[in-house]
Amino acid sequence: MLMAMASFFRPVTDPDFWWQVRTGEWIAAHRSLPSHDLYTYTVSGHPWHDYEALPEVIMWWLFDHGGLVAISVAYGLLLCAGLAVLIQLARMTRPHYVALSVAVVAGVLAGAPVWGPRVQAVSFVLTCVTLLLLHRHLDGRRRALLWLPPLAALWANLHPGWLALLGLVGLAMAATAPALLVPGTRRPALVRLRDLALAGAASAAAVLLNPLGAEEYPASIAPLISPAQHRLIEEWQPPNLADPHLWPLVAFIALVLLGIAIGRVGAFRGLTALATIALALISARDIPLLVAAGVPVVAMGLTRVIGLLAARVRWRERPLPAARGAALSAVVLIAVAGIAVTAVSRQLGAERASVRALFPVAAADWLAAHPSDGTRMFNAYDWGGYLAYRFYPRRNRRVYIFSEATVMGDASLWRYEDIVSMRPGWREDLDRTGIDYAVLPRTSRLAGALARTPGWRLVHHDRLAVILARTGVSR
């Protein structure tokens, strides 16, 4: 747990954070949800089904009272809570303590690319809780399923990842169904299937207990079926397993497959592990689901390996005397805690530097210092949320695009991609939209092309961003 803290407590890097905080402030001020886009001049009429309103309000309150550090600490604690539930889930199989430790560390390292202060952390935690409840039910504690409908209602008010709950219930039913073919287990299997079906139906109905009502379903499903999001947004794309930063994920998948092969994990654990491997390989966004389903399987597989090795070399554990064991444990605990706290404090101390390295802070400062220059902005997709945070509700600082892709719509995403990729007709798109200034990464091809285009000139540059304006627009 202490080693994991170094991965969980991170600076804010999610481009969604900035518009989510501003939206949370808007919701608190208006005491209602936004019904349409607030931040762009391109899709201001598009409907907005805000299924993350509650986290947005909480994030705004934390940011308003404690700044970026409060956000990082809150999400770090949330992820630690999820890991605690995951460890409890893995311990249900009574794994060897070394096997459990290795499984937890392997899972945390595999999820390193996606941990951090972002709303998706909620779904990791609640996926772990859902798996714990389903495994308790399959172990004979029928009342565990009673918690699923209220969990679904809570989840639907936090993040669209609640779809995982219904999927896991379906996998539990699929894992139970073969028992109907075995004469001695047919009756208990029927009871278990009935209970799971009722719990799933009640959970599906409980999802409607949110401000969007029945709109929650199409709003949550929309990103899953959007061709533009899956083609253009990195987190929806398959992870690049050739990247050395993702080799821990490759190793974790190998350990999960080993656990399925030799760990005697059972039908439900095996199905969930295989299903989440497939999801993680389709979309990097789903790596946390693989960690939640995979850690218990890895622990079971490594326990089996340790048992086989111990039997072969005739090795037996001999406990240390109590006093010596306690002293050694205390020394190790203090050392690990010191390393973890040092790493966390160093990471949280880099919040401001991280924001300046990722978002156009200096460019936004220039725009703030020149309030009347420019009327319609073109901006990088990942920077739209930060610029909206800085300048909403100023009309001449509304953004071209921001990272709420469902609100933007597929047509807007494709049009943006045509411009930044400089496909045929990109100049006409800029002219047709009335764009007269652009905030872009200084290394982008589009920035270089605009700088060489008659009628455009560079008015600001810094280490990260440039601002280019049509001649006569900026002084």
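Before reading on, note that the structure itself is shown above.
Each chain has its residues counted from 1, following the order in which its sequence is written. Local features in a predicted model are, by the rule used here, given only for residues with pLDDT of at least 70; side-chain atom pairs are given and counted only at 80 or more, and totals for whole chains, interfaces and linings are based on all residues. Values reported for side chains reflect all heavy atoms of the structure, with hydrogen atoms and water molecules removed beforehand.

## Some words on the pairing of strand E4 (residues 465-470)
For every residue, the accessible area (1.4 Å probe, protein chains only) is compared with the maximum for its type, and the residue is labelled buried under 20%, exposed over 50%, or partly exposed between those bounds. Counting from the N terminus, the helices are DSSP H or I runs at least four residues long and the strands are E runs at least two residues long. E4 sits mainly inside the fold: five of its six residues count as buried. Two strands qualify as a pair provided that DSSP identifies no fewer than 2 bridges between them. Relative to E4, strand E2 (residues 437-441) runs antiparallel, the two sharing five bridges. Looking across to E4, one finds that Leu440 is bridged to Val466. Where strand E3 (residues 456-461) meets E4, five bridges bridge the pair, whose relative direction is antiparallel. Looking across to E4, one finds that Trp456 is bridged to Arg470. Counted along the chain from E3 to the antiparallel partner E4, the turn is three residues long.

## Regarding the side chain of Thr276
Checked against the element boundaries, Thr276 lands in helix H12 (residues 267-282). A polar atom in the side chain of Thr276 sits 2.8 Å from the backbone oxygen of Thr272. Two N or O atoms count as a polar contact when they lie within 3.5 Å, although within protein this holds only if one can serve as hydrogen donor and the other as acceptor, and sequence-adjacent residues are included solely when both atoms are side-chain atoms.

## Observations concerning the sheet that holds E3
Spatially, the four strands line up as an open sheet ordered E1-E2-E4-E3, and their pairing is mixed. A strand with exactly one partner marks an edge of an open sheet, and here the two such strands are strand E1 (377-379) and E3. Pairs of neighbouring strands in the sheet enclose a mean axial angle of 25 degrees, with direction left out of account. Strand direction decides the pairing type here: E1 and E2, joined by three bridges, are parallel. Across the sheet, Met377 pairs through a bridge with Tyr437, a residue of E2. Working convention: axes come from line fits to C-alpha atoms, limited for helices to the stretch in contact. Angles between N-to-C directions cover 0 to 180 degrees.

## As for the pattern of salt bridges
For this document, the term salt bridge refers to a Lys or Arg side-chain nitrogen within 4 Å of an Asp or Glu carboxyl oxygen. A full pass over the atoms with the stated rule returns eleven salt bridges. In this structure, Arg118 and Asp14 form a salt bridge, with 3.9 Å as the shortest nitrogen-oxygen distance. In this pair, Arg118 is assigned in the loop between helix H4 (97-110) and helix H5 (120-138) and Asp14 in the loop between helix H1 (2-8) and helix H2 (16-30), connecting sequence segments 104 residues apart. Across the pair, exposure class does not vary: Arg118 and Asp14 are buried alike.

## Let's talk about the environment of Leu165
Structurally, Leu165 can be placed in helix H7 (residues 163-176). In this structure Leu165 comes out as buried when scored by relative accessible area, which is 0%. Residues Leu165 and Gly200 lie 35 residues apart in sequence; the distance between their C-alpha atoms is 8.4 Å. Contact between two residues is taken to exist if any of their heavy atoms lie within 4.5 Å; hydrogens are not considered. Residues contacting Leu165, with those up to four places away along its chain left out, are Thr130, Leu148, Leu151, Ala152, Trp155 and Ser203.

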